[in-house]
Amino acid sequence: MNRIYTDTLIVGSGLSGLSTALSVAEKGGQVILVTKESIDTSNSASAQGGIASVVDFSTDSFEKHIKDTITAGCYLNKPEVVKFFVENGPESINHFKNLGCRFSKNGYGHLDLGKEGGHTARRVVHAGDMTGYELIRSLKQAVLKHPGISILEHHTAVDLISTSKFMLSDKNRIIGAYILDPHGNILTVVSQTVLLATGGCGKVYLYTSNPLVTSGDGVAIGFRAGVPTVNMEMIQFHPTILYHEKATSVLISEALRGEGGVLVTKNGAEFMEQYHHQGSLAPRDIVARAIDHELKKSGDDCVFLDMTKLKKEFLQTRFPNLYKICLKAGIDMSTDPIPVVPAAHYMCGGLKSTPSGKTVIPGLFVSGEIAHTGLHGANRLASNSLLEATVMSKYVAKEIMTYFKEKKEQIPDPPLWSEDTVTNRDENVIVKQNWDEIRRFMWNYVGIVRSNKRLDRALARLELIRHEISEYYWNFKISKDLLELRNITLVAEIIIKSAIKRKESRGLHFNIDHPSSFDTATDTEIFPEEIL
Ligand code: SIN
């Protein structure tokens, strides 16, 4: 296999990957974008809620949005970073309007603004209940037309290539990545810069709202290359995922509660008022924990989201996609309460990064959910994820082009991937067995409510599995499943070790052995030397 050369290699085809690819290409850079499924499969594409941004300055302000973000984030956010993202929101909305994104409008022709948990004003810009799909659609049109961007679908990143790993220079920098193609060959992509934009890690947990591509690949790849993680214990559980045997991973958007939906038990009793003054519209960590508590108390399988006080015509217009999905599952939301449970939804921590995507390793950038910038703190405010991805992409692209111009230098040719000593795999069952086990104990021991004992148990199980997988990885030919399993295992270990390090409860991390919060909020960092 030959080497392939480019200016920028982008891993991931969600909002961050596509948006940065377009900006870099528009500035004259050559981009190769790899994605392990088709370009249409990403967590961004399934986002329902919208982009949180101050639009109506008569009822809202930047100060209010900043305050809501920090309150939801339980003061673990970096205030200057929150200000940066919030103040860049309106420009991002305009950028997407100019790309042809069809946001929903109200009867006066202005942007229709939704409301979600933790927001004190209407500020969620949306496209019905398929905002992610519409953002990706508008971007994809431009990306596919651009001659500076080549897309490799069904290609999976294996690991980054650094100069220090192969002793090619005394100054460490990233110079590309090994990529598994759909035929099982490993390509050597040599590039001046690499952007990891692979999204989150919902697949580490048994129940998740995320599509099954979310195996935390970028976090594992960046960490193996030397980037520390921050606050990886802060895994957000979305309170309302459809509870139905045939429709798994269907998110019931928080926007439904924003329009008046109320959480009730199977007897129709409202319960959220006992937990928070914002009731069903409290921040997500509080609602998920309240549901968990109610389910443990009653022994029921789910609670219900009651939309029946809203008019059928309104529900069909505002939530056309969810209305149809529920109907297909036998639930008419205008007459039947929707059965819901919490599930893993979003990784609030990530690889340590500046708001413009710089990591500690020259040549390596991150964007979107994979990046820990300091925006979300201990619990992300609803619809601030699309805000982060859209704002960040523009600045990451600028950063990449600056690096590219300043540092453009001859890259030494890295070695090709060698498979001389490996053989074909004999037992695929090992991959499946370990995968199921990790996802199950992460759900049971490192879920919504944690304890010291549960975390220790999870770590002990994981260390055993890690050795087995590592042996398997080095001795047999690699496949996409094996790569994902290797990544899930590492990310699970980082989450557990971060959770063990935090000796308090804050936001999404609730440990019954340390139930109160410290006066001062501090980040939990995990360095590669602590695990690898
Ligand atoms: C939702 O629509 O409830 C999800 C939006 C988000 O995760 O911010």
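See the structure printed just above.
Keep in mind the model is a prediction, meaning the values are calculated, not measured.

*Asks:* Just to check I follow, could you spell out the site of the ligand for this structure?
*Replies:* Contacts to the ligand come from Gln-48, Gly-49, Glu-116, His-238, Leu-251, Ser-253, Glu-254, Arg-284, His-345, Arg-380, Ala-382 and Ser-383. Take Arg-380: an N or O atom from its side chain is 2.8 Å from an oxygen atom of the ligand. If the ligand stood free it would expose 260 Å²; the protein chains cover 95% of that surface. Its residues placed into classes, the shell around the ligand shows two nonpolar, six polar and four charged.

*Asks:* Got a minute to help me understand the side chain of Arg-380 in this structure?
*Replies:* With respect to the helices and strands, the residue Arg-380 is situated in the loop between strand E17 (371–372) and helix H10 (384–407). Of the side chains bearing the opposite charge, Glu-369 lies closest to the buried Arg-380, which forms no salt bridge; the N-O distance is 6.8 Å. Looking at Arg-380, its side chain comes within polar contact range of the side chain of Ser-385, at 3.3 Å. With residues near it in sequence (within four places) discarded, Arg-380 still touches Gln-236, Arg-284, His-345, Tyr-346, Cys-348 and Ser-385.

*Asks:* What am I meant to see in the nonpolar core here?
*Replies:* Core analysis: the largest hydrophobic core is formed by 122 residues, its most contacted members being Leu-196, Met-442 and Ile-495. In this view, Met-442 contacts Val-204, Tyr-205, Gly-447, Ala-492, Ile-495 and Ile-496; residues no more than four positions away in its chain are not counted. Formed by 30 residues, the second largest nonpolar core is a distinct cluster that contains Val-250, Leu-263, Leu-295 and Leu-310.

*Asks:* Just checking my understanding: could you explain the packing of aromatic side chains for this structure?
*Replies:* Working definition: an aromatic ring pair is given by the centre-to-centre distance plus the angle between the planes. Tallying each qualifying case throughout the model produces 11 aromatic pairs. With a centroid separation of 5.4 Å and 85° between ring planes, the pair formed by Tyr-205 and Phe-237 is classed as edge-to-face. Here Phe-237 lies in strand E11 (residues 235–242) and Tyr-205 lies in the loop between strand E9 (186–196) and helix H5 (217–224), a separation of 32 residues in the sequence. The exposure classification of Tyr-205 matches that of Phe-237, with both residues buried. Centroid distance Phe-237 to Trp-443: 5.8 Å. Interplanar angle 65°. Geometry classified as edge-to-face. In this pair, Phe-237 sits in strand E11 while Trp-443 sits in helix H11 (residues 429–445), placing the two residues 206 residues apart along the sequence. Through successive ring pairs, a cluster of aromatic residues spans Tyr-205, Tyr-207, Phe-237 and Trp-443. One cation-aromatic arrangement involves Arg-380 over Tyr-346; the distance from NZ or CZ to the ring centre is 4.0 Å. The ring of Tyr-473 has Arg-486 sitting right over it, with the charged end atom 3.8 Å from the ring centre.

*Asks:* Mind showing me how you'd approach H11 here?
*Replies:* The terminal C-alpha atoms of H11 lie 24 Å apart, and with 17 residues this matches the ideal 24 Å at 1.5 Å per residue to within 8%. The elements touched by buried residues of H11 are helix H12 (452–475) and helix H13 (480–501).

About the cut-offs
Once a new chain begins, its residue numbering starts again from 1 and follows that chain's sequence as written. This being a predicted model, a pLDDT of at least 70 is required before a residue's local features are given, and a value of 80 or more before pairs of side-chain atoms are given or counted; all residues contribute to the totals for chains, interfaces and linings. Side-chain measures were taken over the full set of non-hydrogen atoms in the model, leaving aside hydrogen atoms and water. Nearness is judged by heavy atoms alone; a residue qualifies as near a molecule or strand once a single heavy atom is within 4 Å of it. Pairs of N or O atoms within 3.5 Å make up the polar contacts considered here, provided that, within protein, one atom can donate a hydrogen while the other can accept it, and that residues adjacent in sequence are counted only when both atoms are side-chain atoms. Methods summary: accessible areas were calculated by the Shrake-Rupley approach with a probe of 1.4 Å, and residue burial reflects only the protein chains presented. Charged means Asp, Glu, Lys or Arg here, nonpolar means Ala, Val, Leu, Ile, Met, Phe, Trp, Tyr, Cys or Pro, and polar covers whatever is left, Gly included. For the purposes of this entry, the term helix denotes a DSSP run of H or I that reaches at least four residues, the term strand denotes a run of E that reaches at least two, and both are numbered from the N terminus. Throughout, exposure labels follow a simple rule: accessible area from a 1.4 Å probe, protein chains only, divided by the maximum for the residue type, with under 20% read as buried, over 50% as exposed, and the rest as partly exposed. Residues counted as positive are Lys and Arg, residues counted as negative are Asp and Glu, and His and the chain ends are not counted. Throughout this description, the term salt bridge denotes a Lys or Arg side-chain nitrogen within 4 Å of a carboxyl oxygen of Asp or Glu. Throughout, a contact is declared for two residues whenever any of their heavy atoms are within 4.5 Å. Here, nonpolar core means buried Ala, Val, Leu, Ile, Met, Phe, Trp, Tyr and Cys residues that are tied together by side-chain atoms lying within 4.5 Å of each other. Centres within 6.5 Å are what make two rings of Phe, Tyr or Trp a pair, Trp counting through its six-membered ring; a difference in plane orientation under 30 degrees is then read as stacked, over 60 as edge-to-face, and the rest as tilted. Only when the NZ of Lys or the CZ of Arg is both within 6 Å of the ring centre and within 35 degrees of the ring normal is a charge said to sit over the ring. Given a helix with a known number of residues, its expected span is that number minus one, times 1.5 Å.

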